[in-house]
Structures are given as structure tokens and as C-alpha cells.
Amino acid sequence: MELIQNTPDLSAYLAADEVIDHRHPLVRETAARLAKDAVDSYAYARLAFEFVRDTIPHSQDSGDPRVTWRASDVLEQGTGICYAKAHALAALLRAEDIPTALCYQKFDVVHGLVAVRFNGAWHRQDPRGNKPGVDARFSLDGERLAFTPDFESNELDYPVLYAEPHPAVLKALRAAPDRPYLWKTLPTAL
């Protein structure tokens, strides 16, 4: 699949905003702590991915009712669904000048992940969090995502790489008072 930037300006994939708030002190502090153990940007990207995947539980898996959507809130509260975890990872990567996009897949509902740009190409990564049956890994040599769409069941990979969260995703996250409510309002298509 050919991944398509929703804006040709690569600097948009380094930008900070209300959601991917990589200038927030907690994001900066977390990025600096992870960067101390990285020998280069590839190692940093892997460390940031593993940090989000492994230390921030997916709120559905852990039973946490809180809804987070801003990267700094995900880090502070230590919880989030796929979209929120993707926002946190995007912020950590952008904090270290690694172009990062948000991207999506369609299953029963829309699933969120990121793509990082290395060596002139985009590489999708899924920080959702592993569990039985899910084994996502950081990889620049072929995708190791949490889920693979079954195209015969109308599941799909959206090819668009967004510099900011898709409006439908952000609307659902912002409007949800808790995760059970969010589960009823998750977007089913983009």
C-alpha cells in the first residue's frame, strides 16, 4: 500500500498542537529521559514506541474508564485507547524531530496508529499494547502491527497520513465522559 501524506509539507509532521503537545513539560521530560538511552534516532524511536506500548495500558484492556486524548494527559494519567496512545507516541517522536503521522485502519471501528519517516519512507507502527493474540513490534523492515485487515470482511488500511488527528476521532474522544460512552460513539469509518 502506498501511504499518502495529507499535506506535502513535511514540517507539518513535526508540529505541536493542542493534541500532540510535544512542547508540554511532561512530554519534553519523558522524551529527554528516553533519549539518554538512545544512540541514534532509530534507537530513540524504538524506545519511545516500546515505552508507549508497554508502560501505558490500553484502557479497554485494563478496564480503566478514563478517556484521554491529549498526549501530555496520556503520559500523566498512564492510560488511553489506541488513538490516545498514538497521540502520545507522535508527541514523543516529534519532540526529538522525527516526522510522525497519524494513520488509521477500519475494522468494526476505526483503529489508530502512527507512521514514522526514516530514510525517505514512512513506516507504520502500532503502539496499542500487546495482549494474547496481539504482538505489535517496532519495525522499519516490514510492518508488525497489532491487527491485519481482512479485506473480504470490508476491513481496510486507510492510506492517508495525517499531520493532526482526524476530526471524527478527535470529536469522539473530546465528547466522551468515559470509555463505556466512547465505545458507543467510536467512528466506524473515516
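This text goes with the structure placed above it.
Residues numbered from 1 in each chain as written. Predicted model: local features only at pLDDT ≥ 70, side-chain atom pairs only at ≥ 80, totals over all residues. Heavy atoms only, no water.

## Some words on the pairing of strand E2 (residues 100-106)
Along E2, seven of the seven residues are buried, which leaves the element largely enclosed by surrounding structure. Side-chain alternation along E2 places Thr100, Leu102, Tyr104 and Lys106 on one buried face and Ala101, Cys103 and Gln105 on a second face that is also buried. Relative to strand E3 (residues 110-118), E2 is paired through seven bridges, and the arrangement is antiparallel. From the neighbouring strand, Ala101 faces E3, where its bridge partner is Ala115. Taking the residues that link successive antiparallel strands as the turn, the E2-E3 hairpin has three residues. (Buried < 20%, exposed > 50% of the residue type's maximum accessible area, 1.4 Å probe, protein only. Helix = DSSP H or I, 4+ residues; strand = E, 2+ residues; numbered from the N terminus. Pairing = 2+ DSSP bridges.)

## Digging into the environment of Asp21
Mapped onto the fold, Asp21 is located in the loop between strand E1 (4-5) and helix H1 (25-35). Sequence separation between Asp21 and Ala91 is 70 residues, and the spatial gap between their C-alpha atoms is 6.2 Å. Discounting chain neighbours no more than four positions away, the residues touching Asp21 are Val27, Arg70, Ala71, Ser72 and Ala91. (Contact = heavy atoms within 4.5 Å.)

## A few points about the sheet that holds strand E5 (residues 156-157)
With respect to topology, four strands assemble into an open sheet ordered E4-E3-E2-E5, the strand pairing being antiparallel. Every interior strand has two partners, whereas the edge strands, strand E4 (121-125) and E5, have only one. Relative to E4, E3 runs antiparallel, the two being bridged by five bridges. Opposite Val114, over in E4, you have Gln125 as the bridge partner. Most of the contacts of helix H5 (residues 82-95) go to E3, to which it runs at about 15 degrees, and overall it touches E2 and E3. (Axes fitted to C-alpha atoms, helices over the stretch in contact; angles between N-to-C directions.)

## What about helix H2 (residues 41-55)?
Between the first and last C-alpha of H2 there are 20 Å, a value that for 15 residues agrees with the 21 Å anticipated at 1.5 Å per step. All of the buried residues along H2 are Tyr44, Ala45, Ala48, Phe49, Phe51, Val52 and Arg53. Looking at the buried side of H2, the elements it contacts are H1, helix H4 (71-77), H5, E3 and E4. (Expected span 1.5 Å × (residues − 1).)

## Examining the layout of surface pockets
Taken as a whole, the largest pocket encloses approximately 300 Å³ of empty space. Along its surface, the largest pocket is lined by 16 residues, and Val109, Val110, His111, Phe147 and Trp183 are the ones closest to its centre. When residues of the lining of the largest pocket are traced back to their parent elements, those giving at least two are helix H3 (59-62), H5 and E3. A per-class count over the lining of the largest pocket returns nine nonpolar, three polar and four charged. (1 Å grid on protein atoms, 1.4 Å probe; cavity = no way out; pocket = protein on both sides within 12 Å on 5 of 7 lines; lining within 4 Å. Points joined across faces, edges and corners; volume = space filled by probe spheres on them. Nonpolar A, V, L, I, M, F, W, Y, C, P; charged D, E, K, R; others polar.)

## Comments concerning the packing of H1 against H2
Direction vectors running N to C along H1 and H2 enclose 125 degrees, while the axes themselves pass 9 Å from each other. Accordingly, the angle class assigned to the pair H1 and H2 is oblique. Handedness of the H1/H2 crossing: right-handed. Two secondary-structure elements touch here, H1 through Thr30, Ala31, Arg33, Leu34 and Ala35 and H2 through Tyr44, Leu47, Ala48 and Phe51. Here the residues of the contact of H1 with H2 are counted per class, giving seven nonpolar, one polar and one charged. (Parallel < 35°, antiparallel > 145°, perpendicular 65-115°, else oblique. Left-handed = near helix turned anticlockwise from the far one by under 90°.)

## Side note on the nonpolar core
Formed by 47 residues in total, the largest nonpolar core has its most connected members in Tyr44, Tyr83 and Leu92. Listed by contribution, the elements that provide at least two residues to this core are H1, H2, H4, H5, E2, E3 and helix H6 (167-175). Residue contributions to this core peak at 11 residues, all from H5. Residues within four places of Tyr83 in sequence aside, it is in contact with Tyr104, Val110, His111, Gly112, Val169, Leu173, Leu186 and Pro187. Formed by 11 residues, the second largest nonpolar core is a distinct cluster that contains Tyr13, Leu113, Leu145 and Ala163. (Core = buried A, V, L, I, M, F, W, Y, C linked by side-chain atoms within 4.5 Å.)

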